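So the chains spell out like this:
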Amino acid sequence: MVIDTHQHFWKLDRGDYGWLTPELETLYRDFLPKDLKPLLDEAGISGTIAVQAADTEAETEYLLSLADTHDWIRGVVGWVDLAAETAPASIARLAAHPKLLGLRPMIQDIPDDAWMLRDDLRPAIAAMVENDLTFDALVLPHHLHHLKAFLAKYPDLRVVIDHCAKPEIRNGAYEGWAQDMADIAENTQVFCKLSGIVTEASTDWKPSSLEPYIAHILGIYAPERLLFGSDWPVLNLASDYKSWHEIAMGAMGDAAKSILSQSPKAAYPRLSS
């Protein structure tokens, strides 16, 4: 398997993508498996993980239905309201589908920066661990000190940091993000996705704009804890699939094979082969 561990699908008439407005002209249309498959074939990618883009269980079920009809969609990272009393039951129900790999709360959009530390999440986190699901952490740099506490609070929970925690590349912000990411890499077993950073750069970005950030991630995470993700089609706001894939492959070098083919199974043990 050669896996893109982070991509999205959506169908506008489903109506549960609150963030997706006509102002986002590049993204304001349907993006479906038929649109992605040619790009995967060109890049030599054999499978993907579809990640939630709406905070509804209905969207998770929609993504699982796409995975049922497209073998190359190897798994889904979905969504459940982890603070709800019904969360453990919802998790157990959704996890009955073998292609549910994990869950992703939309932490970047939650007003309370310390939300992940709330005690009312404990039953849901326990249900995730019980069902062997991975927690995708959609965090920003200012969340990282809370994430450190979260990782200490739930040592049995497998966690993947999405998009390298979205460093503020457009503003040249580096030191605080780099130190916090290094602390997490050194002191936990968290995984990290090399994904979603092109859209954090300025509109006139060049590959050199990304280099310090990519080099740092490659320096602090061993290949077996790194994942490749395209973040397609959000990627289209700033680049395209081929260009990002080439940048990432060039940066990963000899580690690319491990990152694309072995690490996904470590991060998502329920991943189908």
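Residues numbered from 1 in each chain as written. Predicted model: local features only at pLDDT ≥ 70, side-chain atom pairs only at ≥ 80, totals over all residues. Heavy atoms only, no water.

J.: Before we go on, may I ask you to explain the packing of aromatic side chains in this structure?
T.: In this description, an aromatic ring pair is defined by two values, namely the gap between the centres and the angle between the planes. Counted according to the given criterion, the structure contains 11 aromatic pairs. When the centroid spacing of 6.2 Å and the interplanar angle of 75 degrees are considered together, the rings of Phe9 and Trp232 count as edge-to-face. Linking Phe9 in the loop between β1 (3-7) and α1 (33-43) with Trp232 in the loop between β8 (226-228) and α8 (241-252), this pair joins segments that are 223 residues apart in sequence. In terms of burial, Phe9 and Trp232 fall into one category: buried. Between Tyr174 and Tyr213 the ring centres are 5.4 Å apart and the planes differ by 75 degrees, which places this aromatic pair in the edge-to-face class. You can see Tyr174 sitting in the loop between β6 (158-161) and α6 (175-187) and its partner Tyr213 sitting in helix α7 (residues 207-220), a full 39 residues away along the chain. On the accessibility criterion, Tyr174 (26% relative accessible area) is partly exposed. In textbook terms, an aromatic cluster arises when at least three aromatic residues are bridged by ring pairs, as seen for Phe9, Trp10, Tyr17, Trp19, Phe31, Trp72 and Trp232. Over the ring of Phe31 we find Arg29, and its NZ or CZ is 3.9 Å from the ring centre. (Phe/Tyr/Trp six-rings, centres within 6.5 Å; stacked < 30°, edge-to-face > 60°. Helix = DSSP H or I, 4+ residues; strand = E, 2+ residues; numbered from the N terminus. Buried < 20%, exposed > 50% of the residue type's maximum accessible area, 1.4 Å probe, protein only. Lys NZ or Arg CZ within 6 Å of the ring centre and 35° of its normal.)

J.: What is the right way to look at the sheet that holds β1 in this model?
T.: Two pairing modes exist for strands in a sheet, parallel and antiparallel, and in both the strands are linked by backbone hydrogen bonds. Across the sheet, which stays open at both edges, the 8 strands sit in the order β1-β2-β3-β4-β5-β6-β7-β8 with parallel pairing between neighbours. Across the chains shown, the open sheet's two edge strands, defined by having one partner strand only, are β1 and β8. On average, each strand axis in the sheet is inclined to that of its neighbour by 30 degrees, with strand direction left out of account. Bridge count for β1 against strand β2 (residues 47-51) is 3 bridges, and the pairing is parallel. For Ile3, the partnering residue across the bridge sits in β2 and is Gly47. Where α8 meets the sheet, it contacts β1, β7 (191-194) and β8, and its direction lies at approximately 150 degrees from that of β8. (Pairing = 2+ DSSP bridges. Axes fitted to C-alpha atoms, helices over the stretch in contact; angles between N-to-C directions. Contact = heavy atoms within 4.5 Å.)

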